[in-house]
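# Overview (structure and organization)
One-letter residues, chain by chain:
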Amino acid sequence: MAGIYIHIPFCKKRCSYCDFYTEIAPKLIPSLVDAIVSELHLRKSYLQEESIKTIYFGGGTPSILSKSQFQKIIDTIYHLFIVEENAEITFEANPDDLTPEFFSSISSLPFNRISIGIQSFDDDDLKRINRRHTAQEAIIAVNNAQRAGFTNISIDLIYGLPYQTVEGWVNQLDIALSLGIQHISAYGLTYEEGTQLWKQKEANEIEGVDENTMNEMYAILLKKMDGNGFERYEISNFSLAGFRSRHNTSYWKQEPYIGVGPSAHSYNIKSRQWNIASITNYIKALNNNELFFEKEELTLFDKYNDYVMISLRTKEGIDLQKIEFDFGTELANYCLKNIKTFIDSEKVDKIDSKLRLTPTGIQISNLILTELMKL
Ligand code: SF4
(Lines give C-alpha, C1' and ligand atoms only; values in the text may rest on other atoms or scores of the structure.)
Protein backbone atom coordinates (compact mmCIF):
# COMPACT_ATOMS: atom_id res chain seq x y z
CA MET A 1 0.00 0.00 0.00
CA ALA A 2 1.19 3.49 -0.73
CA GLY A 3 0.45 7.19 -0.43
CA ILE A 4 0.35 10.25 -2.65
CA TYR A 5 1.37 13.70 -1.43
CA ILE A 6 0.48 16.77 -3.48
CA HIS A 7 2.41 19.95 -2.64
CA ILE A 8 0.57 23.23 -3.22
CA PRO A 9 3.32 25.80 -2.57
CA PHE A 10 1.24 28.95 -2.48
CA CYS A 11 0.54 31.19 0.48
CA LYS A 12 -1.38 34.46 0.61
CA LYS A 13 1.28 35.89 2.91
CA ARG A 14 4.42 34.61 4.58
CA CYS A 15 4.39 33.54 8.25
CA SER A 16 7.50 34.87 9.96
CA TYR A 17 8.70 31.49 11.34
CA CYS A 18 8.24 29.44 8.17
CA ASP A 19 11.08 28.10 6.02
CA PHE A 20 9.00 25.88 3.72
CA TYR A 21 9.25 26.44 0.00
CA THR A 22 6.19 28.55 -0.86
CA GLU A 23 5.50 31.63 -2.98
CA ILE A 24 2.86 34.34 -3.17
CA ALA A 25 2.07 33.97 -6.87
CA PRO A 26 -1.63 33.17 -7.38
CA LYS A 27 -1.43 33.75 -11.15
CA LEU A 28 0.66 30.59 -11.42
CA ILE A 29 -1.94 28.33 -9.79
CA PRO A 30 -3.67 27.14 -13.03
CA SER A 31 -0.32 26.30 -14.72
CA LEU A 32 0.87 24.53 -11.58
CA VAL A 33 -2.27 22.39 -11.45
CA ASP A 34 -1.64 21.37 -15.09
CA ALA A 35 1.99 20.56 -14.29
CA ILE A 36 0.92 18.45 -11.29
CA VAL A 37 -1.44 16.51 -13.55
CA SER A 38 1.45 15.93 -16.00
CA GLU A 39 3.70 14.75 -13.19
CA LEU A 40 1.06 12.30 -11.95
CA HIS A 41 0.98 10.77 -15.45
CA LEU A 42 4.78 10.47 -15.49
CA ARG A 43 4.80 8.91 -11.99
CA LYS A 44 2.16 6.30 -12.79
CA SER A 45 4.55 3.35 -12.55
CA TYR A 46 6.66 4.67 -9.63
CA LEU A 47 4.60 2.79 -7.03
CA GLN A 48 4.46 -0.38 -9.13
CA GLU A 49 0.69 -0.86 -9.04
CA GLU A 50 0.50 -0.64 -5.24
CA SER A 51 -2.92 0.51 -4.12
CA ILE A 52 -3.24 4.01 -2.66
CA LYS A 53 -4.42 4.19 0.92
CA THR A 54 -3.76 7.87 1.62
CA ILE A 55 -3.82 11.10 -0.40
CA TYR A 56 -2.60 14.29 1.24
CA PHE A 57 -2.76 17.84 -0.11
CA GLY A 58 -0.14 19.83 1.84
CA GLY A 59 1.58 23.14 1.45
CA GLY A 60 1.74 26.01 1.44
CA THR A 61 -1.99 26.42 1.45
CA PRO A 62 -4.02 23.83 -0.47
CA SER A 63 -7.26 25.59 0.58
CA ILE A 64 -6.23 28.29 -1.91
CA LEU A 65 -7.33 25.94 -4.75
CA SER A 66 -10.78 26.17 -6.32
CA LYS A 67 -13.09 23.19 -6.43
CA SER A 68 -12.34 22.58 -10.13
CA GLN A 69 -8.58 22.67 -9.49
CA PHE A 70 -8.89 20.12 -6.69
CA GLN A 71 -11.21 18.08 -8.91
CA LYS A 72 -8.74 18.02 -11.80
CA ILE A 73 -5.97 16.60 -9.59
CA ILE A 74 -8.22 14.13 -7.78
CA ASP A 75 -9.78 12.85 -11.02
CA THR A 76 -6.29 12.25 -12.41
CA ILE A 77 -5.25 10.30 -9.32
CA TYR A 78 -8.37 8.10 -9.48
CA HIS A 79 -7.85 7.57 -13.20
CA LEU A 80 -4.19 6.55 -12.94
CA PHE A 81 -4.00 4.72 -9.60
CA ILE A 82 -6.01 2.17 -7.66
CA VAL A 83 -7.34 4.19 -4.72
CA GLU A 84 -8.67 2.08 -1.88
CA GLU A 85 -12.32 2.52 -1.00
CA ASN A 86 -11.62 3.73 2.54
CA ALA A 87 -8.55 5.81 1.63
CA GLU A 88 -7.74 8.70 3.97
CA ILE A 89 -7.90 11.90 1.90
CA THR A 90 -6.65 15.01 3.72
CA PHE A 91 -6.16 18.63 2.83
CA GLU A 92 -4.37 21.30 4.83
CA ALA A 93 -6.14 24.60 5.24
CA ASN A 94 -5.77 28.07 6.65
CA PRO A 95 -8.61 29.04 9.00
CA ASP A 96 -9.64 32.15 7.07
CA ASP A 97 -10.30 30.06 3.93
CA LEU A 98 -12.73 27.77 5.75
CA THR A 99 -16.01 29.57 5.19
CA PRO A 100 -19.39 27.82 4.79
CA GLU A 101 -19.18 28.74 1.07
CA PHE A 102 -15.80 27.03 0.76
CA PHE A 103 -17.11 23.84 2.36
CA SER A 104 -20.21 23.90 0.21
CA SER A 105 -18.04 24.26 -2.93
CA ILE A 106 -15.91 21.19 -2.08
CA SER A 107 -18.75 19.04 -0.69
CA SER A 108 -18.71 16.62 -3.63
CA LEU A 109 -14.95 15.98 -3.35
CA PRO A 110 -13.85 12.84 -1.48
CA PHE A 111 -12.05 14.61 1.39
CA ASN A 112 -12.57 12.90 4.75
CA ARG A 113 -9.90 14.59 6.86
CA ILE A 114 -8.83 18.21 7.30
CA SER A 115 -5.71 19.61 8.92
CA ILE A 116 -6.10 23.24 10.00
CA GLY A 117 -3.02 25.43 10.58
CA ILE A 118 -4.15 27.35 13.66
CA GLN A 119 -0.81 27.64 15.53
CA SER A 120 -2.28 29.79 18.32
CA PHE A 121 -5.59 30.97 19.73
CA ASP A 122 -4.03 34.23 20.92
CA ASP A 123 -4.32 37.28 18.66
CA ASP A 124 -1.06 38.80 19.89
CA ASP A 125 0.82 35.58 19.07
CA LEU A 126 -0.82 35.41 15.66
CA LYS A 127 0.11 39.00 14.81
CA ARG A 128 3.68 38.46 15.98
CA ILE A 129 4.18 35.49 13.66
CA ASN A 130 2.34 37.16 10.78
CA ARG A 131 -0.52 34.66 10.50
CA ARG A 132 -3.41 35.86 8.39
CA HIS A 133 -6.22 34.79 10.70
CA THR A 134 -7.49 35.72 14.15
CA ALA A 135 -8.19 33.48 17.13
CA GLN A 136 -11.92 33.88 16.58
CA GLU A 137 -11.60 32.89 12.91
CA ALA A 138 -9.74 29.75 13.97
CA ILE A 139 -12.57 28.65 16.23
CA ILE A 140 -15.16 29.48 13.56
CA ALA A 141 -13.14 27.47 11.01
CA VAL A 142 -13.29 24.36 13.20
CA ASN A 143 -17.03 24.88 13.76
CA ASN A 144 -17.58 25.30 10.01
CA ALA A 145 -15.66 22.10 9.28
CA GLN A 146 -17.79 20.23 11.80
CA ARG A 147 -21.02 21.65 10.36
CA ALA A 148 -19.83 20.57 6.92
CA GLY A 149 -19.66 16.99 8.23
CA PHE A 150 -15.93 16.55 8.93
CA THR A 151 -15.48 14.08 11.78
CA ASN A 152 -11.71 13.76 11.46
CA ILE A 153 -10.19 17.17 12.18
CA SER A 154 -6.59 17.91 13.08
CA ILE A 155 -5.18 21.25 14.17
CA ASP A 156 -1.58 22.46 14.34
CA LEU A 157 -0.35 24.41 17.35
CA ILE A 158 3.06 25.91 18.17
CA TYR A 159 4.40 26.28 21.70
CA GLY A 160 7.28 28.45 22.82
CA LEU A 161 6.21 31.41 20.68
CA PRO A 162 7.92 34.71 21.62
CA TYR A 163 6.63 36.01 24.97
CA GLN A 164 4.36 32.99 25.45
CA THR A 165 3.92 32.02 29.09
CA VAL A 166 3.17 28.63 30.60
CA GLU A 167 -0.29 29.92 31.61
CA GLY A 168 -0.84 31.14 28.06
CA TRP A 169 0.06 27.70 26.70
CA VAL A 170 -2.32 25.99 29.14
CA ASN A 171 -5.04 28.30 27.88
CA GLN A 172 -4.24 27.39 24.24
CA LEU A 173 -4.59 23.72 25.03
CA ASP A 174 -7.84 24.23 26.92
CA ILE A 175 -9.36 26.03 23.96
CA ALA A 176 -8.14 23.34 21.56
CA LEU A 177 -9.56 20.57 23.74
CA SER A 178 -12.93 22.30 23.99
CA LEU A 179 -13.44 22.17 20.23
CA GLY A 180 -14.29 18.47 19.81
CA ILE A 181 -11.41 17.73 17.42
CA GLN A 182 -9.75 14.34 16.96
CA HIS A 183 -6.07 15.14 16.36
CA ILE A 184 -3.52 17.72 17.50
CA SER A 185 -0.03 18.31 16.14
CA ALA A 186 1.93 20.49 18.55
CA TYR A 187 5.43 21.66 17.66
CA GLY A 188 7.96 23.55 19.74
CA LEU A 189 8.98 26.72 17.92
CA THR A 190 12.35 26.57 16.22
CA TYR A 191 14.03 29.64 14.83
CA GLU A 192 15.00 28.53 11.33
CA GLU A 193 17.93 30.47 9.95
CA GLY A 194 16.94 33.08 7.41
CA THR A 195 13.30 33.39 8.48
CA GLN A 196 11.89 36.74 9.54
CA LEU A 197 11.46 35.52 13.11
CA TRP A 198 15.08 34.33 13.25
CA LYS A 199 16.24 37.78 12.05
CA GLN A 200 14.11 39.47 14.73
CA LYS A 201 15.61 37.25 17.39
CA GLU A 202 19.16 37.84 16.14
CA ALA A 203 18.49 41.59 16.32
CA ASN A 204 17.07 41.22 19.86
CA GLU A 205 13.75 42.59 18.68
CA ILE A 206 11.82 39.74 20.27
CA GLU A 207 12.27 37.62 23.33
CA GLY A 208 12.24 33.87 22.95
CA VAL A 209 11.18 31.28 25.51
CA ASP A 210 14.01 29.56 27.41
CA GLU A 211 14.71 25.84 27.26
CA ASN A 212 13.34 25.05 30.73
CA THR A 213 10.04 26.74 29.89
CA MET A 214 9.91 24.86 26.57
CA ASN A 215 10.38 21.59 28.47
CA GLU A 216 7.70 22.57 30.96
CA MET A 217 5.30 23.40 28.11
CA TYR A 218 5.96 20.02 26.53
CA ALA A 219 5.38 18.26 29.86
CA ILE A 220 2.05 20.10 30.19
CA LEU A 221 1.16 19.10 26.65
CA LEU A 222 1.79 15.41 27.47
CA LYS A 223 -0.28 15.62 30.64
CA LYS A 224 -3.20 17.45 29.03
CA MET A 225 -3.30 15.15 26.05
CA ASP A 226 -3.16 12.05 28.21
CA GLY A 227 -5.83 13.41 30.55
CA ASN A 228 -8.18 14.01 27.63
CA GLY A 229 -7.83 10.64 25.92
CA PHE A 230 -5.31 11.70 23.27
CA GLU A 231 -2.58 9.17 22.59
CA ARG A 232 0.94 10.46 21.85
CA TYR A 233 1.81 8.33 18.86
CA GLU A 234 4.73 10.49 17.74
CA ILE A 235 6.72 13.18 19.59
CA SER A 236 4.52 15.98 18.25
CA ASN A 237 1.35 14.14 17.26
CA PHE A 238 -1.63 13.22 19.43
CA SER A 239 -4.90 11.56 18.50
CA LEU A 240 -8.06 10.09 19.89
CA ALA A 241 -8.34 6.31 19.38
CA GLY A 242 -8.68 5.46 15.71
CA PHE A 243 -7.65 8.93 14.50
CA ARG A 244 -3.91 8.68 13.97
CA SER A 245 -2.90 10.31 10.68
CA ARG A 246 -2.65 7.30 8.40
CA HIS A 247 -0.67 9.33 5.87
CA ASN A 248 2.04 10.40 8.31
CA THR A 249 2.05 6.97 9.92
CA SER A 250 2.88 5.45 6.57
CA TYR A 251 5.90 7.78 6.29
CA TRP A 252 7.00 6.61 9.70
CA LYS A 253 6.57 3.00 8.66
CA GLN A 254 8.66 3.72 5.59
CA GLU A 255 5.95 2.75 3.14
CA PRO A 256 6.41 4.03 -0.42
CA TYR A 257 4.89 7.31 -1.55
CA ILE A 258 5.05 9.78 -4.36
CA GLY A 259 5.32 13.47 -3.68
CA VAL A 260 4.05 15.59 -6.56
CA GLY A 261 4.61 19.33 -7.06
CA PRO A 262 7.56 21.71 -6.55
CA SER A 263 9.97 20.58 -3.80
CA ALA A 264 7.96 17.41 -3.04
CA HIS A 265 9.86 14.23 -2.16
CA SER A 266 9.18 10.66 -3.26
CA TYR A 267 10.36 7.41 -1.75
CA ASN A 268 10.09 3.83 -2.92
CA ILE A 269 12.33 1.93 -0.44
CA LYS A 270 15.19 1.72 -2.98
CA SER A 271 15.58 5.43 -3.71
CA ARG A 272 14.57 8.96 -2.77
CA GLN A 273 13.69 11.69 -5.25
CA TRP A 274 13.08 15.38 -4.74
CA ASN A 275 11.50 17.81 -7.16
CA ILE A 276 12.84 21.21 -8.20
CA ALA A 277 12.04 23.75 -5.46
CA SER A 278 10.84 26.49 -7.79
CA ILE A 279 7.31 26.81 -9.15
CA THR A 280 8.35 28.37 -12.44
CA ASN A 281 11.26 25.98 -13.10
CA TYR A 282 9.09 22.99 -12.16
CA ILE A 283 6.33 24.08 -14.57
CA LYS A 284 8.90 24.82 -17.30
CA ALA A 285 10.60 21.44 -16.90
CA LEU A 286 7.31 19.54 -17.12
CA ASN A 287 6.14 21.57 -20.13
CA ASN A 288 9.44 20.95 -21.94
CA ASN A 289 9.72 17.31 -21.03
CA GLU A 290 12.87 17.96 -19.04
CA LEU A 291 14.04 16.32 -15.82
CA PHE A 292 12.25 17.91 -12.85
CA PHE A 293 13.79 15.97 -9.97
CA GLU A 294 17.02 14.71 -8.47
CA LYS A 295 17.43 11.14 -7.35
CA GLU A 296 19.53 9.29 -4.79
CA GLU A 297 19.84 5.51 -4.54
CA LEU A 298 19.73 4.48 -0.88
CA THR A 299 22.64 2.58 0.66
CA LEU A 300 22.21 0.15 3.54
CA PHE A 301 23.37 2.86 5.98
CA ASP A 302 20.89 5.38 4.48
CA LYS A 303 18.05 2.92 5.02
CA TYR A 304 19.17 2.19 8.59
CA ASN A 305 19.52 5.92 9.36
CA ASP A 306 16.07 6.65 7.91
CA TYR A 307 14.52 3.87 9.99
CA VAL A 308 16.19 4.98 13.24
CA MET A 309 15.48 8.67 12.66
CA ILE A 310 11.78 8.08 12.04
CA SER A 311 11.11 5.29 14.54
CA LEU A 312 12.78 6.99 17.49
CA ARG A 313 10.08 9.70 17.33
CA THR A 314 7.17 7.24 17.39
CA LYS A 315 5.36 5.59 20.28
CA GLU A 316 6.33 2.16 18.93
CA GLY A 317 10.00 3.13 18.98
CA ILE A 318 12.98 1.36 17.43
CA ASP A 319 12.80 -2.41 17.07
CA LEU A 320 16.26 -4.04 17.30
CA GLN A 321 14.87 -7.25 15.84
CA LYS A 322 13.70 -5.38 12.77
CA ILE A 323 17.11 -3.72 12.41
CA GLU A 324 18.77 -7.14 12.59
CA PHE A 325 16.34 -8.61 10.08
CA ASP A 326 16.35 -5.72 7.59
CA PHE A 327 19.86 -4.29 7.96
CA GLY A 328 21.96 -7.01 9.62
CA THR A 329 23.44 -7.96 13.00
CA GLU A 330 26.28 -5.45 12.77
CA LEU A 331 23.91 -2.45 12.62
CA ALA A 332 21.65 -3.89 15.35
CA ASN A 333 24.71 -4.21 17.64
CA TYR A 334 25.86 -0.71 16.67
CA CYS A 335 22.45 0.72 17.61
CA LEU A 336 22.33 -1.09 20.95
CA LYS A 337 25.91 -0.14 21.85
CA ASN A 338 25.31 3.56 21.11
CA ILE A 339 21.98 3.80 22.91
CA LYS A 340 23.13 1.97 26.04
CA THR A 341 24.16 5.07 27.97
CA PHE A 342 20.68 6.55 27.36
CA ILE A 343 19.07 3.34 28.62
CA ASP A 344 21.26 3.51 31.74
CA SER A 345 20.28 7.15 32.35
CA GLU A 346 16.57 6.35 31.83
CA LYS A 347 16.22 8.48 28.73
CA VAL A 348 15.27 5.37 26.77
CA ASP A 349 13.21 2.36 27.87
CA LYS A 350 14.30 -1.03 26.59
CA ILE A 351 11.59 -3.66 26.71
CA ASP A 352 12.57 -6.84 24.87
CA SER A 353 13.77 -5.67 21.47
CA LYS A 354 11.95 -2.30 21.60
CA LEU A 355 13.67 1.00 22.41
CA ARG A 356 11.36 3.89 23.30
CA LEU A 357 12.07 7.44 24.45
CA THR A 358 10.99 8.31 27.99
CA PRO A 359 9.51 11.81 28.61
CA THR A 360 12.95 13.13 29.58
CA GLY A 361 14.48 11.32 26.61
CA ILE A 362 12.13 13.20 24.29
CA GLN A 363 13.75 16.45 25.44
CA ILE A 364 17.13 15.27 24.13
CA SER A 365 15.89 13.21 21.19
CA ASN A 366 18.13 15.04 18.70
CA LEU A 367 21.21 14.24 20.76
CA ILE A 368 20.23 10.57 21.04
CA LEU A 369 19.60 10.42 17.34
CA THR A 370 23.02 11.86 16.53
CA GLU A 371 24.59 9.01 18.50
CA LEU A 372 22.63 6.39 16.55
CA MET A 373 23.40 7.63 13.06
CA LYS A 374 25.78 5.50 10.99
CA LEU A 375 27.95 7.65 8.75
S1 SF4 B 1 0.73 29.33 5.64
FE2 SF4 B 1 2.00 27.56 6.23
S3 SF4 B 1 3.34 27.21 4.48
FE4 SF4 B 1 2.46 29.27 4.23
S5 SF4 B 1 4.01 30.66 5.11
FE6 SF4 B 1 2.51 30.15 6.72
S7 SF4 B 1 3.38 28.35 7.79
FE8 SF4 B 1 4.46 28.57 5.85
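Please read these numbers as outputs of a predicted model, since none were measured by experiment.

Moving on to the site of the ligand. Taken together, Cys11, Arg14, Cys15, Tyr17, Cys18, Thr22, Gly60, Thr61, Asn94 and Arg131 make up the full set of residues near the ligand. Split by residue class, the shell around the ligand holds 4 nonpolar, 4 polar and 2 charged.

Read from one edge to the other, the open sheet built from 3 strands follows the order 13-15-14, with strand pairing classed as antiparallel. Two strands close off the open sheet at either side, each with one partner strand: strand 13 (318-319) and strand 14 (348-351). Pairing geometry for strand 13 and strand 15 (residues 354-357), over 2 bridges, is antiparallel. Of the residues in strand 15, the one forming a bridge with Ile318 is Leu355.

Here the focus is the packing of helix 1 (residues 29-42) against helix 2 (residues 67-80). Remark: helix 1 packs on helix 2, axes separated minimally by 10 Å, with the N-to-C direction vectors making an angle of 5 degrees. The pairing of helix 1 with helix 2 is recorded here as roughly parallel in orientation. Contacts between helix 1 and helix 2 involve Ile29, Pro30, Val33, Asp34, Ile36, Val37, Leu40 and His41 on the former and, on the latter, Gln69, Lys72, Ile73, Thr76, Ile77 and Leu80. When the residues that make up the contact of helix 1 with helix 2 are grouped by side-chain class, the tally is 9 nonpolar, 3 polar and 2 charged.

Let us now look at the environment of Phe150. Within the secondary structure, Phe150 is located in the loop between helix 5 (135-147) and strand 5 (153-159). Residues within four places of Phe150 in sequence aside, it is in contact with Phe91, Phe103, Phe111, Asn112, Arg113, Ile114 and Ala145.

Right, let's talk about the environment of Tyr251 for a bit. Within the secondary structure, Tyr251 is located in helix 9 (residues 246-252). Of the residues examined, Tyr251 reaches a relative accessible area of 22% and is grouped as partly exposed. The spacing of Tyr251 and Phe81 is 170 residues in sequence and 19 Å in space, taken between C-alpha atoms. Once residues within four sequence positions are removed from consideration, Tyr251 is found in contact with Tyr5, Tyr257 and Ile310.

When two helices pack together, their arrangement is captured by the angle between the axes and the distance separating the axes. Two elements in contact, helix 12 (residues 320-327) and helix 13 (residues 329-344), have axes separated by 7 Å at closest approach and are oriented at 150 degrees. Taken together, the axis directions place helix 12 and helix 13 in an arrangement best described as roughly antiparallel. Regarding helix 12 and helix 13, the two cross each other, and that crossing is right-handed. Judged by residue contacts, Leu320, Ile323, Glu324 and Phe327 of helix 12 engage Thr329, Leu331, Ala332, Cys335 and Leu336 from helix 13. Broken down by class, the residue content of the contact of helix 12 with helix 13 amounts to 7 nonpolar, 1 polar and 1 charged.

What follows concerns the packing of aromatic side chains. All told, the structure shown has 20 aromatic pairs when counted by the stated rule. Of the aromatic side chains, those joined through ring pairs into one cluster are Phe57, Phe70, Phe91, Phe102, Phe103, Phe111 and Phe150. For Arg43, the ring lying beneath its charged end belongs to Tyr46, and the centroid distance is 5.4 Å. Over the face of the ring belonging to Tyr334 we find Lys374, whose NZ or CZ atom lies 4.4 Å from the ring centre.

For the protein chain, the domain assignment lists domain 1 (2-252) and domain 2 (300-372). Put simply, the middle of domain 1 and the middle of domain 2, counted by C-alpha atoms, are 28 Å apart. Surface buried jointly by domain 1 and domain 2 totals about 1,000 Å² across both partners, of which 53% is contributed by carbon and sulfur atoms. Of all residues in domain 1, Arg232, Ile235 and Trp252 bury the most surface against domain 2, accounting for 43% of the area lost on that side. In this structure, the connection of domain 1 to domain 2 is made through 3 salt bridges.

Summed over all chains, the structure comprises 17 salt bridges. With its nearest N and O atoms 2.8 Å apart, the salt bridge here joins Arg132 to Asp96. Of this pair, Arg132 sits in the loop between helix 4 (123-128) and helix 5 while Asp96 sits in the loop between strand 3 (83-93) and helix 3 (100-105), and the two are 36 residues apart along the sequence. Classification of Asp96 as partly exposed rests on a relative accessible area of 24%.

On to unusual backbone geometry, then. Backbone torsion omega between Gly59 and Gly60 reads 20 degrees, so that peptide bond is classified as cis. In this fold, Gly60 is placed in the loop between strand 2 (52-59) and helix 2. The phi dihedral of Asn130 falls on the positive side, at around 65 degrees, and the residue is not glycine. Mapped onto the elements of the fold, Asn130 is located in the loop between helix 4 and helix 5.

What follows is about the pairing of strand 14. Pairing geometry for strand 14 and strand 15, over 4 bridges, is antiparallel. By the bridge assignment for strand 15, Lys350 is matched with Leu355. Connecting strand 14 to the antiparallel partner strand 15 that follows it, the hairpin turn spans 2 residues, and Asp352 within it adopts a positive phi of roughly 55 degrees.

Procedures and definitions
Residues numbered from 1 in each chain as written. Predicted model: local features only at pLDDT ≥ 70, side-chain atom pairs only at ≥ 80, totals over all residues. Heavy atoms only, no water. Near = heavy atom within 4 Å. Nonpolar A, V, L, I, M, F, W, Y, C, P; charged D, E, K, R; others polar. Pairing = 2+ DSSP bridges. Helix = DSSP H or I, 4+ residues; strand = E, 2+ residues; numbered from the N terminus. Axes fitted to C-alpha atoms, helices over the stretch in contact; angles between N-to-C directions. Parallel < 35°, antiparallel > 145°, perpendicular 65-115°, else oblique. Contact = heavy atoms within 4.5 Å. Buried < 20%, exposed > 50% of the residue type's maximum accessible area, 1.4 Å probe, protein only. Left-handed = near helix turned anticlockwise from the far one by under 90°. Phe/Tyr/Trp six-rings, centres within 6.5 Å; stacked < 30°, edge-to-face > 60°. Lys NZ or Arg CZ within 6 Å of the ring centre and 35° of its normal. Domains from an automatic or database assignment. Buried area = accessible area lost by both parts, 1.4 Å probe. Salt bridge = Lys/Arg side-chain N within 4 Å of Asp/Glu carboxyl O.

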